[in-house]
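Below are the chains, spelled out letter by letter.
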Amino acid sequence: MTRTLADDDPEDVHDWLRAVATGFLQSAVSEEELRARAGAIDPERTQGAYVDGRCVATFRTFAQRLTLPGGRDVPCCAVTQVTVTATHRRRGLMSAMMRRALAAAKERGEVCASLIAAEYPIYGRHGFGPATRATDFQVDLTRAGTDRAARAADTGPGTGRIDLVTPEELRAVGPAVHERFRALPTSAGAIDRSARWWLAHTGGLRWPGDERRDLFHAVYRDRDGTVQGVASYRHDQRWRNSVPAGTLGVDELTAVTAEAELALWRYLLSVDWTVTVSADRRAPDDVLPLLLPDPRAARIARHHDLLWLRPLDVPALLSARDYRTAGNLVLEVRDDAGLAGGRYALDATAQGARCEPTTLTADLTLSVADLGSLCLGGEAASRLLRLGRLDEHRPGAADHADLLLGTRRLPWCQDMF
C-alpha cells in the first residue's frame, strides 16, 4: 500500500526518515537528526509504501522555482529521497508513487518536474531527461603558472574588495545575491534556495554526529560596497614533509557580475597553504581554466549530468523562455503517461514566445524525456536526430530547432537536493 504521511503524526515522519536511511544504505538515524530533518517535510507531498505496517519505499516532492533561458522562472515539482528497500524491488512501488506525484504536480500547475538522478537508467522511462551538466575541476597550483601575490593583488581596493564574513552575515546577504543571479538571462537551470537551505549551508542546522565541516565564507563588494558575489570553501590543511600540501574545496561560487566572478576565483586561487583547488559541480563552460596561464592545470575530474527535467505543461514551459532567434516550430511530443503529450506550435519572436496546441503538421516528433533535455538549451536536436531519438518530418527542422533553443551560456545547476 502506498500513501502520504499523516499530517499530525511526528512518529509517522520519523519512521519514513528511517526508511530513507535504510534505502540509501545509511546507518541508524539519531533522534536529533530525525527532528532536524523532519522540518523539511510536507506530509501531503511525501509518500511511503508500506508492507505489514513497515515503510519499505519512500518518495518526496517539494515546490521549486526553475530559471529558464532569458531569466524568467516557472513553478517546478522537485523530486527527492526516492528509495526502495532491496527486499521490495521490482514490485512497481516507485512507479506508483511517481505516477501519483506527477499527476498531483500537474494539477497544482507546476509546469515541469525535476530531480538529481543517483542512477542514470531509472528516470528516462518516467519522462525525465538530463537537462544540465556540471564539471568537477581539480586545479594543480604548482603548474598553473600564476603568481600567488599577483592573484591576491587582483582583488585589491581599486577594483572592489573581498571580505570574509561570518555564517550569520552570509545568511543576511547571500539569498539576495542568489536571487539576482537566478534572474540573469544566462542563468538557465538555476533553482531557488529556501531559508532552510541557507541555514544548513552555514552550519545552523546540525545534530550530534554530523561530520560536515564548517565552511569559510567570502563576499565580493564592488566599489560602491554592494555585494555582487559570494563563495564558500573548506580547507584540509594537510602538510607533507613540513611543506604545505593542502586542498581548498570550493563548495559554491555565485556571482552576479563578471568582475565579481573573476575576483572570487582569483582569491580562492591565492589562499595560503594550498596546492590544489577542488571545485565540483561547476558550469560546463566555466571560465576557471582560462583564468590560468596554463589552462591544463585545471584538470576535468568528472563531467556529468546533474538536473533532470520532466515537462508537464509544454505550452507554459516553452512560452516562458527566451529564444536566440525568431522562428516557428511544430513539435509532436510523445508521453506514455498522458501528462504532456500532444502537438504544439511554437512561435518565437523578439517580443516573446507563444506555444499552444495545434493541428498543423509536425516538424519534429520526440519523447517528453528528450524535450526535457532540449528545453533549457543543454542538448542539441541535431544530435538526437543522429542518434535516431527523434523523427524529422521537414528537412532541416532539427538544425532550426538548434538555432531556436540554443543558449549563449550552457544551462547550469550547482545545487543538489
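Residues numbered from 1 in each chain as written. Predicted model: local features only at pLDDT ≥ 70, side-chain atom pairs only at ≥ 80, totals over all residues. Heavy atoms only, no water.

Chemist: Can you lay out the environment of R180 for me, pointing to particular residues and giving the numbers?
Modeler: One can find R180 in helix α5 (residues 167-182). Here R180 falls in the partly exposed class, since its relative accessible area comes to 33%. Separated by 22 residues in the primary sequence, R180 and T202 place their C-alpha atoms 20 Å from one another. Aside from chain neighbours lying at most four places away, what touches R180 is T226, V227, Q228 and V256. (Helix = DSSP H or I, 4+ residues; strand = E, 2+ residues; numbered from the N terminus. Buried < 20%, exposed > 50% of the residue type's maximum accessible area, 1.4 Å probe, protein only. Contact = heavy atoms within 4.5 Å.)

Chemist: Run through the sheet that holds strand β18 (residues 342-349), naming residues and quoting values.
Modeler: The strand order β19-β18-β17-β20-β21 describes an open sheet built from five strands, whose pairing is mixed. Each having just a single partner strand, β19 (352-357) and β21 (391-392) make up the two edges of the open sheet. Where strand β20 (residues 364-367) lies against β21, two bridges are found, and the strand directions are antiparallel. Each residue of the ladder has a partner; that of T365, found in β21, is D391. Contacts from helix α11 (residues 397-405) reach β17 (327-334), β18, β20 and β21, with the element oriented near 110° to β17. (Pairing = 2+ DSSP bridges. Axes fitted to C-alpha atoms, helices over the stretch in contact; angles between N-to-C directions.)

Chemist: Outline the packing of aromatic side chains, supporting the account with residue identities and numerical values.
Modeler: Overall, the coordinates contain eight aromatic pairs when judged by the stated rule. Here the aromatic rings of F62 and F417 are separated by 5.8 Å at their centres, their planes lie at 90°, and the arrangement is edge-to-face. Of this pair, F62 sits in strand β3 (residues 54-67) while F417 sits in the segment after α11, and the two are 355 residues apart along the sequence. The exposure class of F417 is partly exposed, given its relative accessible area of 22%. (Phe/Tyr/Trp six-rings, centres within 6.5 Å; stacked < 30°, edge-to-face > 60°.)

Chemist: Before we move on, can you summarise the pattern of salt bridges with the specific residues and values?
Modeler: Scanning all chains against the criterion turns up 32 salt bridges. Here E252 ties to R193 by a salt bridge, and the two come within 3.0 Å at their closest N and O atoms. Placement of E252 in strand β13 (residues 246-255) and of R193 in the loop between α5 and α6 (195-201) is noted, with a sequence separation of 59 residues between them. Of the two residues, E252 and R193, both sit in the buried class. Linking D363 and R394 is a salt bridge whose minimum nitrogen-to-oxygen distance equals 2.9 Å. On the criterion of sequence distance, the pair formed by D363 in the loop between β19 and β20 and R394 in the loop between β21 and α11 is long-range, its members being 31 residues apart. Overall, D363 belongs to the buried group, its relative accessible area being 9%. Of the residues examined, R394 reaches a relative accessible area of 32% and is grouped as partly exposed. Several salt bridges share partner residues, and in doing so they unite E11, D15, R18 and E31 into one network. (Salt bridge = Lys/Arg side-chain N within 4 Å of Asp/Glu carboxyl O.)

Chemist: An account of the side chain of T80 is requested, with residue identities and associated values reported.
Modeler: Looking at the secondary structure, you find T80 in strand β4 (residues 73-84). Taking the relative accessible area as the measure of exposure, T80 reaches 8% and is therefore buried. Among all residues touching T80, those that are not within four sequence positions of it are F59, R60, F62 and F417.

Chemist: Account for the state of the cysteines, with residues named and values stated.
Modeler: Within the structure shown, the criterion is met by zero disulfides. Free cysteine C55: the closest other cysteine sulfur is in C77, separated by 18 Å. Left without a disulfide partner, C112 is nearest to the cysteine sulfur of C76, which lies 3.5 Å away. (Disulfide = S-S within 2.5 Å.)

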